[in-house]
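Summary of the model geometry
What follows is the residue order along each chain.
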Amino acid sequence: MDSIVIRGGIPLTGDIRISGAKNAALPLMAATLLSEAPLEISNVPRLADIATLTSLLAQHGAEISIRSDGDSQCLTLATPAIANVLAPYDIVRKMRASILVLGPLLARHGEAMVSLPGGCAIGNRPIDLHLKGMKELGAEIRLEEGYVHATAPKGLKGGEIHFPTVSVGATENLMMAASLAHGATVLENAAREPEIVDLAACLTAMGAKIEGAGTDRVVIEGVARLGPARHAVMPDRIEAGSYAAAALISHGKLHLTGARADHMGSTLEVLVKAGARIEETADGLIVSRAAERLHGIDVITQPYPGFATDMQAQLMALMTLCDSAAMITETIFENRFMHAPELTRMGADITVHGASAMVRGVRQLKGAPVMATDLRASMGLVIAGLAASGTTTVNRVYHLDRGYDRLVEKLTACGAAIERVRAAA
Ligand code: EPZ
């Protein structure tokens, strides 16, 4: 397993091009299963999760061509017919977003056999809201030996779905399924993330009739079929927030080109309160410190537009070097503080009580070998390593490969002393 080695203490300066958003690209790719017409998706990041979903979609019958397009890639996907309704455990267990094939397979083909995803490092990750929604649309759901066997032989029908908990994936899955259902579907308490709006825009370009994406009430009028479309993936607001934290912790100044301030409201608000200067430019954001020291800020993670759970680890890393204390409360996932003990090994002062972590600022972090446990925790450790004295070695960097496109190259170009060390074969 490869590691990333960072010699900290260097202020980062320069430009970082923000890649397309992983969490937008994945549902957009799944949408190919809804139609036999070609779907061209540009600004797709080069990530392990994209490769995993590509192989999953291909075994369902999608024909996928990939063209390099500068720093990103352009995928052309077409699914003339569903060749196989089974999404196997060995793929689904690696990437929970695989569950997003459930809605499209059901809507297009009337059957899906999708492995239960199982848990992951940050929590047990249930899919009950996905299944409840599909039942509301007339699907029959059976659990068979670790698989969800969903059938809708007469097609799906429109329905009223109220989500008791806001769920990004369930909102996306049901929006896709409802696009081909007979009649209208209403999603109440829908997730409002920008990635939902991006997916709705693509589905609409394919001919879907969707109103209210980005609000908590989405109405989808089913159509008989969906056609061709071209769509560019929105920029990754979490990648942008991660590099903003890197700029701040290293006392640097980064121009995050392609970043969209309108997608990052709560993150930027917290960073400014902590002492960041954020300048909007024609093509992104410039992030630097407004003063020498940063202040601790109390934060509670919430569904969008609240502070994103996917930014929690990165913020915690930043808060370890502030001039005061920060109380960080994680309300979305039940086990998303695994970066805390690793940061503590670097000299951070963090006390975790259940869903809250008290971070007391220290004067300095010291480099150490640390263990990545999940995607965003890994980025938190990289951010801490950029400021720590000495050398930090982040192990198990395959986690980072899932969500950060060319991380070492992007940080090296801004002056970081960072390298990827290949594991001995
Ligand atoms: C998406 O996951 C993102 N992944 C996650 O990003 C992100 O953390 C999460 O949304 C929240 O913003 C992708 O978009 C591929 P949820 P998702 O359904 O859809 C519970 C990253 O680091 N829940 O909004 O799986 C669930 O357990 C990843 O990029 C149910 O109870 O998240 C959680 O507590 C990590 N039943 C809460 O809802 C369900 O059926 C929010 O989950 C579904 C979810």
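Thresholds, definitions, all that
- Residues numbered from 1 in each chain as written.
- Predicted model: local features only at pLDDT ≥ 70, side-chain atom pairs only at ≥ 80, totals over all residues.
- Heavy atoms only, no water.
- Helix = DSSP H or I, 4+ residues; strand = E, 2+ residues; numbered from the N terminus.
- Rg over C-alpha atoms; globule rule 2.2 N^0.38 Å.
- Buried < 20%, exposed > 50% of the residue type's maximum accessible area, 1.4 Å probe, protein only.
- Contact = heavy atoms within 4.5 Å.
- Areas by Shrake-Rupley, 256 points an atom, 1.4 Å probe, with all protein chains shown as cover.
- Lys, Arg positive; Asp, Glu negative; His and termini not counted.
- Charge placed at Lys NZ, Arg CZ, Asp CG, Glu CD.
- Near = heavy atom within 4 Å.
- Polar contact = N/O pair within 3.5 Å; in protein donor to acceptor, adjacent residues only side chain to side chain.
- Nonpolar A, V, L, I, M, F, W, Y, C, P; charged D, E, K, R; others polar.
- Salt bridge = Lys/Arg side-chain N within 4 Å of Asp/Glu carboxyl O.
- Core = buried A, V, L, I, M, F, W, Y, C linked by side-chain atoms within 4.5 Å.
- Pairing = 2+ DSSP bridges.
- Axes fitted to C-alpha atoms, helices over the stretch in contact; angles between N-to-C directions.
- Expected span 1.5 Å × (residues − 1).
- Parallel < 35°, antiparallel > 145°, perpendicular 65-115°, else oblique.
- Left-handed = near helix turned anticlockwise from the far one by under 90°.

**Things to note about the overall build of the protein chain**
- For the protein chain, the helix and strand inventory stands at 14 helices and 24 strands.
- For a compact globule of 425 residues, the expected C-alpha radius of gyration is about 22 Å, and the protein chain comes in at 21 Å, within 12% of that figure.
- Dimensions of the protein chain, computed from the C-alpha atoms along their principal axes, are close to 65 × 45 × 40 Å.
- Within the span of the protein chain, comprising 425 residues, buried residues form 59% of the whole.
- When contacts within the protein chain are restricted to residue pairs at least 6 apart in sequence, those whose partners lie at least 24 apart make up 74%.
- Total accessible area on the protein chain is roughly 15800 Å²; 52% of this is exposed by carbon and sulfur atoms.
- Here the protein chain contributes 39 positively and 44 negatively charged side chains, and the mean placements of these two sets differ by 3 Å.

**What to know about the site of the ligand**
- In the region of the ligand, 22 residues are neighbours, and Asp-128, Leu-129, Ser-167, Asp-310 and Ile-332 sit closest.
- Residue Asp-310 places a side-chain N or O atom 2.6 Å away from an oxygen atom belonging to the ligand.
- The side chain of Arg-336 places a nitrogen or oxygen atom 3.2 Å from an oxygen atom of the ligand.
- Against a free-state accessible area of 820 Å², the protein chains account for coverage of 86% of the ligand.
- Listed by contribution, the elements that provide at least two residues to the shell around the ligand are helix H1 (22-30), helix H5 (128-136), helix H6 (168-179) and helix H12 (375-387).
- Counting residues per element, the shell around the ligand draws most heavily on H5, which supplies three residues.
- For the shell around the ligand, the class distribution of residues is nine nonpolar, six polar and seven charged.

**Regarding the pattern of salt bridges**
- According to the stated counting rule, one finds 18 salt bridges in the structure shown.
- When the shortest N-O distance is used, the salt bridge between Asp-71 and Arg-406 registers 3.8 Å. You can see Asp-71 sitting in the loop between strand S4 (63-69) and strand S5 (72-78) and its partner Arg-406 sitting in the loop between helix H13 (398-401) and helix H14 (407-412), a full 335 residues away along the chain.
- Between Asp-262 and Arg-260 there is a salt bridge, with its nearest N and O atoms 2.5 Å apart.
- When its relative accessible area of 49% is taken as the criterion, Asp-262 is described as partly exposed.
- Look at the salt bridges and you will find they share partners, linking Asp-2, Asp-401, Arg-420 and Arg-422 into a network.

**Observations regarding the nonpolar core**
- Counting 78 residues, the largest nonpolar core has Leu-102, Leu-156, Met-175, Leu-187 and Leu-203 as its most contacted members.
- Leave out the neighbours within four places in its chain, and Leu-187 touches Ile-161, Phe-163, Thr-171, Leu-174, Met-175, Asp-216, Arg-217, Val-218 and Ile-220.

**So, the sheet that holds strand S21 (residues 356-360)**
- Read from one edge of the open sheet, four strands run S18-S19-S21-S20, paired in mixed fashion. On the outer flanks of this sheet lie strand S18 (299-300) and strand S20 (349-353), each paired with one strand and no other.
- The pairing of S18 with strand S19 (residues 325-329) spans two bridges and is parallel. Each bridged residue has a counterpart across the sheet, and for Val-299 the counterpart in S19 is Ile-328.
- Docked against the sheet, helix H10 (residues 312-319) engages S18, S19, S20 and S21, running at close to 165 degrees with respect to S19.

**A few points about the sheet that holds strand S13 (residues 217-221)**
- In space, the four strands of this open sheet follow the order S10-S11-S13-S12, with mixed pairing throughout. Looking at the sheet topology across the chains shown, the edges are occupied by strand S10 (160-162) and strand S12 (209-211). Averaged over all pairs of adjacent strands, the angle between their axes in this sheet comes to 15 degrees, without regard to strand direction.
- Relative to S13, strand S11 (residues 184-188) is paired through five bridges, and the arrangement is antiparallel.

**Quick look at helix H8 (residues 237-249)**
- Compared with an ideal rise of 1.5 Å per residue, which puts 13 residues at 18 Å, H8 spans 18 Å between its outermost C-alpha atoms and is within 8% of the ideal.
- Counting buried residues along H8, 13 of its 13 residues qualify, which places the element largely inside the surrounding structure.
- Near the N-terminus of H8, the side chain that reaches the backbone nitrogen of Ile-238, with its oxygen 2.9 Å away, is that of Asp-236.
- Looking one or two places after H8, you find His-251, whose phi comes out positive at around 60 degrees.

**Description of the packing of H5 against H6**
- At a minimum axis separation of 8 Å, H5 and H6 run at an interaxial angle of 25 degrees. The angle between H5 and H6 falls in the class roughly parallel. In this structure, the crossing between H5 and H6 has a hand that is right-handed. Each of Leu-129, His-130, Gly-133 and Met-134 in H5 lies in contact with H6, whose residues at this interface are Gly-169, Ala-170, Asn-173, Leu-174 and Ala-177.

**Details of the environment of Val-408**
- Relative to the helices and strands, Val-408 is located in helix H14.
- With a relative accessible area of 15%, Val-408 lands in the buried category.
- Between the C-alpha atom of Val-408 and that of Ile-418, which follows or precedes it by ten residues, the distance is 6.4 Å.
- If we skip the residues at most four places from it in the chain, Val-408 touches Ile-4, Ile-418, Glu-419 and Arg-420.

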